[in-house]
Amino acid sequence: MIIEIYTKPTCPYCHRAKELLLKKSIKFQEYDLIQSPELRDLMIERAGGLNTVPQIFINNKYLSDCDGLYILENTGKLDKIIEENK
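Below you will find a few notes about this structure. (Residues numbered from 1 in each chain as written. Predicted model: local features only at pLDDT ≥ 70, side-chain atom pairs only at ≥ 80, totals over all residues. Heavy atoms only, no water.)

Digging into the pairing of strand 2 (residues 29-32)
Applied cut-off: Strand pairing follows a simple DSSP-based rule, namely that at least 2 bridges must link the two strands. Secondary structure elements follow DSSP: runs of H or I of four or more residues count as helices, runs of E of two or more count as strands, with numbering from the N terminus. Think of it like this: strands point away, you trace from the first strand over the helix to the second, and a clockwise trace means the crossover is right-handed.
As paired strands, strand 1 (residues 3-7) and strand 2 are joined by 4 bridges and run parallel to one another. Note on strand 2: the bridge partner recorded for tyrosine 6 is tyrosine 31. In this view, the connection linking strand 1 to its parallel neighbour strand 2 by way of helix 1 (residues 12-23) has right-handed handedness.

Okay, structure coming up:
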């Protein structure tokens, strides 16, 4: 399973999303858009036009932003998605 997250260091939503993934012991690949601004266009394309951070992908498919990630967690759907994508 590959989790990818596009972030910026000063983004509180990015910190919250990473915190949840770490709490659940989910490994992820982080792409810092400040260090690698050339990835921004790719992120927007992959996220269907969404241009805010964080944007999170699982196995090369769009998963969610931070708010959506917490909704998935709070409704019990995140664990199911993770399990299905192992």
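Having put the structure on the table, let's press on.
Looking at the environment of lysine 27
Definition in use: Exposure is judged per residue with a 1.4 Å probe applied to protein chains only, and the accessible area is read against the type maximum: over 50% gives exposed, under 20% gives buried, and values in between give partly exposed.
Structurally, lysine 27 can be placed in the loop between helix 1 and strand 2. Since its relative accessible area comes to 76%, lysine 27 is described here as exposed.

Section: the nonpolar core
We count it as follows: To define a nonpolar core, start from buried Ala, Val, Leu, Ile, Met, Phe, Trp, Tyr and Cys residues and group those joined through side-chain atoms within 4.5 Å. We call two residues in contact whenever any of their non-hydrogen atoms come within 4.5 Å of each other.
One finds Ile3, Ala17, Ile56, Leu63, Leu69, Leu78 and Ile82 to be the most contacted residues of the largest nonpolar core, which totals 15 residues. Mapped by element, the contributors of at least two residues to this core are strand 1, helix 1, strand 3 (55-58), helix 3 (66-74) and helix 4 (77-84). Here this core gets 4 residues from one element, more than from any other, and that element is helix 3. Not counting chain neighbours up to four residues away, the residues in contact with alanine 17 comprise Ile5, Pro54, Ile56, Cys66, Leu69 and Tyr70. Counting 8 residues, the second largest nonpolar core, distinct from the first, contains Cys11, Cys14, Leu33 and Met43.

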